[in-house]
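# Remarks on the overall topology
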Amino acid sequence: MINLFEVVETNEMITKENLDVRTITMGIGLLDCIDSDLNKCKQNIYHKIYDAAKDLVRTGEEIAREFGIPIVNKRISVTPISLIGGAACKSIEDFASLAETLDQVAHQVGVNFIGGYSALVSKGMTPADELLIRSIPLALARTERVCSSVNLGSTKTGINMDAVKLMGQIVKQTAEYTKDQDSLGCAKLVVFCNAPDDNPFMAGAFHGVTEADKIINVGVSGPGVVKTALSKVRGENFEVLCETIKKTAFKVTRVGQLVAQEASARLGVPFGIVDLSLAPTPAIGDSVADILCEIGLEYAGAPGTTAALALLNDQVKKGGVMASSYVGGLSGAFIPVSEDQGMIHAVETGALTLEKLEAMTCVCSVGLDMIAVPGDTKETTISGIIADEMAIGMVNQKTTAVRIIPVIGKGVGETVEFGGLLGYAPIMPVNQFSCEGFVNRGGRIPAPIHSFKN
Amino acid sequence: MNKTIITVVGKDTVGIIAKVCTYLAQNQINILDISQTIVQGFFNMMMIVDTNGMDKHFGEMADELKLLGENIGVDIKCQKEEIFDKMHRI
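What counts and how
- Residues numbered from 1 in each chain as written.
- Chains lettered and ligands numbered in written order.
- Predicted model: local features only at pLDDT ≥ 70, side-chain atom pairs only at ≥ 80, totals over all residues.
- Heavy atoms only, no water.
- Contact = heavy atoms within 4.5 Å.
- Salt bridge = Lys/Arg side-chain N within 4 Å of Asp/Glu carboxyl O.
- Polar contact = N/O pair within 3.5 Å; in protein donor to acceptor, adjacent residues only side chain to side chain.
- Helix = DSSP H or I, 4+ residues; strand = E, 2+ residues; numbered from the N terminus.
- Core = buried A, V, L, I, M, F, W, Y, C linked by side-chain atoms within 4.5 Å.
- Buried < 20%, exposed > 50% of the residue type's maximum accessible area, 1.4 Å probe, protein only.
- Pairing = 2+ DSSP bridges.
- Axes fitted to C-alpha atoms, helices over the stretch in contact; angles between N-to-C directions.
- Patch = residues over 30% accessible without salt bridge, like charges linked within 9 Å, V, L, I, M, F, W, Y side chains within 5 Å.
- Areas by Shrake-Rupley, 256 points an atom, 1.4 Å probe, with all protein chains shown as cover.
- Phe/Tyr/Trp six-rings, centres within 6.5 Å; stacked < 30°, edge-to-face > 60°.
- Expected span 1.5 Å × (residues − 1).

With 28 residues of chain A at the contact, the number on the chain B side is 27 residues. Where chain A touches chain B, the interface holds three salt bridges. Glu6(A) serves as the salt-bridge partner of Arg89(B), at 2.7 Å between the closest nitrogen and oxygen. In this structure, the connection of chain A to chain B is made through twelve residue pairs in polar contact (both at pLDDT 80 or more). Secondary-structure elements contributing two or more residues to the side of chain A that touches chain B are helix H1 (4–16), helix H3 (56–67) and helix H9 (238–267) of chain A. Here the side of chain A that touches chain B takes ten residues from H1(A), the largest share from any one element.

If you want it as structure tokens, here you go:
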């Protein structure tokens with residue numbers, strides 16, 4: 001039988017170390033909503049999502065209450081809208097109106113984000129894909145809760161450089177369209193290489209076409225729990241360090257598995273996956289950077305950071321995989337700048353640069369995340385940064401992403417405040433040398449060779 | 001069997017267990033196990049109870065126990081057993 005010590009340990013994780021379930025995300029397939037009549041298509045989408053998710057928030061709250069574990073977000077992901085709207089949408093306005101429908105239904109069912117305003121263009125763009133991409137700035141400016149993502153490359157297909165070039169322009173345009181809110185639109189827009197079909201985390205969640213009609217995916221969290229556990233083994237060798245992370249990750253993931261199974265049973269929707277990511281928040285003590293410091297670095301970004309992060313990421317997976325029957329999504333440590341107090345501090349101190357962040361993304365999920373850069377950063381430079389990150393994902397057969405925010409009207413040294421879970425960020429300097437000649441070539445980077453791996 | 005873990009944490013005072021147990025008895029909640037310690041003057045108790053015979057909803061019980069706790073200056077939490085079981089048992 002459970003003893004007092006175990007009960008106290010669990011409850012301290014929840015009350016003092018910010019253990020929570022970060023999100024229950026319901027994936028909803030919209031392929032059966034396709035119609036050549038735009039209004040009919042919108043009605044289909046609205047009703048399908050409403051019927052599937054009307055009890056999602058209430059069920060999440062009930063589970064949180066009964067088990068005493070906070071479930072921070074209840075969200076929805078849908079089939080990439082470029083596939084759903086292709087038959088009905090003939091203009092940017094048409095596509096943006098679909099985003100408004102998604103926003104309305106998100107408000108109606110009470111979820112805080114809905115993901116899937118997306119296009120998958122890793123090899124080429126259909127006219128519908130391109131229209132959707134060009135509608136992103138308008139869609140994100142007109143909606144509050146819609147998140148957008150674009151898959152630009154994969155290990156199997158290479159990188160679609162035409163789309164990379166276009167996304168440089170779209171990111172900049174999205175920043176312009178939402179400049180009154182410190183370019184907030186870009187915080188809801190992410191580009192991927194090797195995007196997973198079952199990611200529960202925003203802004204990159206969408207419901208892949210290989211998925212069932214409806215599915216429940218859960219994202220766990222718990223950087224604070226790992227940090228506290230590591231503070232008890234200071235000075236011990238790597239074996240002890242790794243074992244401690246593994247055991248902690250196991251415990252954290254078991255909570256996610258329990259919540260996922262309960263949500264699945266109560267909603268009558270199959271359980272998909274638990275995403276093992278360590279997801280930080282701006283709350284003090286809920287930081288991945290703080291874990292790196294606990295491992296022995298003065299600040300995140302100091303020499304040794306990439307190795308420490310690689311170790312952390314791998315042990316979290318090793319502990320988490322056994323704790324859950326199905327693991328998927330992004331599964332790794334997140335290193336967003338604005339959403340992690342320790343990362344913000346490291347940037348402010350000068351310990352952490354964009355280039356070091358790029359190196360760190362080679363060994364963890366997901367990529368350059370929530371990075372604020374000067375508003376006058378050139379479109380081609382943004383495309384260049386995206387291309388670099390896509391290349392890391394393509395060659396290393398992993399998911400990488402870029403969520404970068406050129407804050408219009410602000411420069412290096414200033415700070416941008418997004419609020420809530422999105423946090424705040426110091427604006428980071430960007431390498432000023434040009435990559436225009438590279439980005440403007442057009443075409444695709446071919447898929448990499450899968451042997452001779454050095 | 002429908003097991004719930006009730007934890008009571010707070011400053012030690014006379015009658016904490018009596019008041020909680022009275023409430024449980026009035027609501028047909030059966031106590032399976034109790035353990036309790038006092039650390040630095042702080043009362044720390046865990047009860048494993050079976051709520052099968054209870055007529056109320058879980059949330060109602062949790063709210064009423066929380067209120068009862070506030071009246072005697074302690075924090076009372078109700079959680080279904082599975083969260084602890086999942087975390088600490090393979």
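Let's pick the thread back up.
If you look at the biggest cluster of nonpolar residues, it comprises 144 residues, and the most contacted ones within it are Ile49(A), Ile76(A), Ile81(A), Tyr117(A), Leu152(A), Leu312(A) and Leu357(A). Top element by residues in this core is H9(A). It accounts for eleven residues. Apart from residues lying up to four places away in sequence, Ile49(A) is in contact with Ile28(A), Leu30(A), Lys54(A), Ile76(A), Val78(A), Leu102(A), Val105(A) and Ile114(A). Counting residues in hydrophobic clusters, the runner-up holds 21 residues, among them Ile6(B), Met61(B), Ala62(B) and Leu65(B).

Throughout the structure, instances matching the rule amount to 31 salt bridges over all chains. Glu66(A) is paired through a salt bridge with Arg266(A); the nearest N and O atoms lie 2.9 Å apart. Of this pair, Glu66(A) sits in helix H3 while Arg266(A) sits in helix H9, and the two are 200 residues apart along the sequence. Among the charged side chains, a network of salt bridges with common partners joins Asp55(A), Arg58(A), Glu62(A), Glu66(A), Glu262(A), Arg266(A) and Lys80(B).

Okay, the sheet that holds strand S4 (residues 74–80) of chain B next. All names here are of chain B. One open sheet holds the four strands; their spatial order is S2-S3-S1-S4, and the pairing between them is antiparallel. Only two strands of the sheet have a single partner each, and these edge strands are strand S2 (30–39) and S4. Pairwise comparison of adjacent strand axes, ignoring direction, gives a mean angle of 15° for this sheet. Looking at chain direction, S2 and strand S3 (residues 42–50) are connected through nine bridges and run antiparallel. Along S3, the bridge assignment pairs isoleucine 31 with valine 49. Where helix H1 (residues 16–26) meets the sheet, its contacts fall on strand S1 (3–11), S2, S3 and S4, and the angle it forms with S3 comes to roughly 20°.

All names here are of chain A. Side chains of Leu31, Ile34, Leu83 and Val209 sit close together on the surface and give an oily, nonpolar patch of about 320 Å² of accessible area. When you line up the elements, valine 209 lands in the loop between strand S6 (189–193) and strand S7 (214–220). The class of valine 209 is partly exposed, set by a relative accessible area of 47%.

This next bit is on the pairing of S1(B). Residues and elements named next belong to chain B. For S1 and S3, the ladder comprises nine bridges, and the chain directions are antiparallel. From the neighbouring strand, valine 9 faces S3, where its bridge partner is asparagine 44. Here S1 pairs with S4 via seven bridges, running antiparallel. Paired with threonine 4 across the two strands is lysine 80, which belongs to S4.

Pairs of aromatic rings are described using the distance from one ring centre to the other and the angle between the two planes. All names here are of chain A. As enumerated under the stated definition, the model contains three aromatic pairs over all chains in all. Relative to phenylalanine 334, the ring of phenylalanine 201 has its centre 4.8 Å away and its plane inclined at 80°; by these criteria the two rings are edge-to-face. Here the residue phenylalanine 201 occupies a position in the loop between S6 and S7, and phenylalanine 334 occupies one in the loop between strand S9 (327–328) and helix H12 (341–349), the gap between them amounting to 133 residues. There is no split in this pair, since phenylalanine 201 and phenylalanine 334 are both buried. Ring plane angle 65° and centroid distance 6.1 Å describe the contact between phenylalanine 271 and tyrosine 326, whose orientation is recorded as edge-to-face. On the criterion of sequence distance, the pair formed by phenylalanine 271 in strand S8 (residues 271–275) and tyrosine 326 in the loop between helix H11 (305–323) and S9 is long-range, its members being 55 residues apart.

Residue and element names in this part refer to chain A. Taking 1.5 Å per residue as the helical rise, H3 with its twelve residues ought to reach 16 Å, and the 17 Å between its terminal C-alpha atoms agrees with that figure. Buried within H3 we find Leu56, Val57, Thr59, Gly60, Ile63, Ala64, Glu66 and Phe67. Count one or two residues on from H3 and you reach glycine 68, which has phi positive near 70°.

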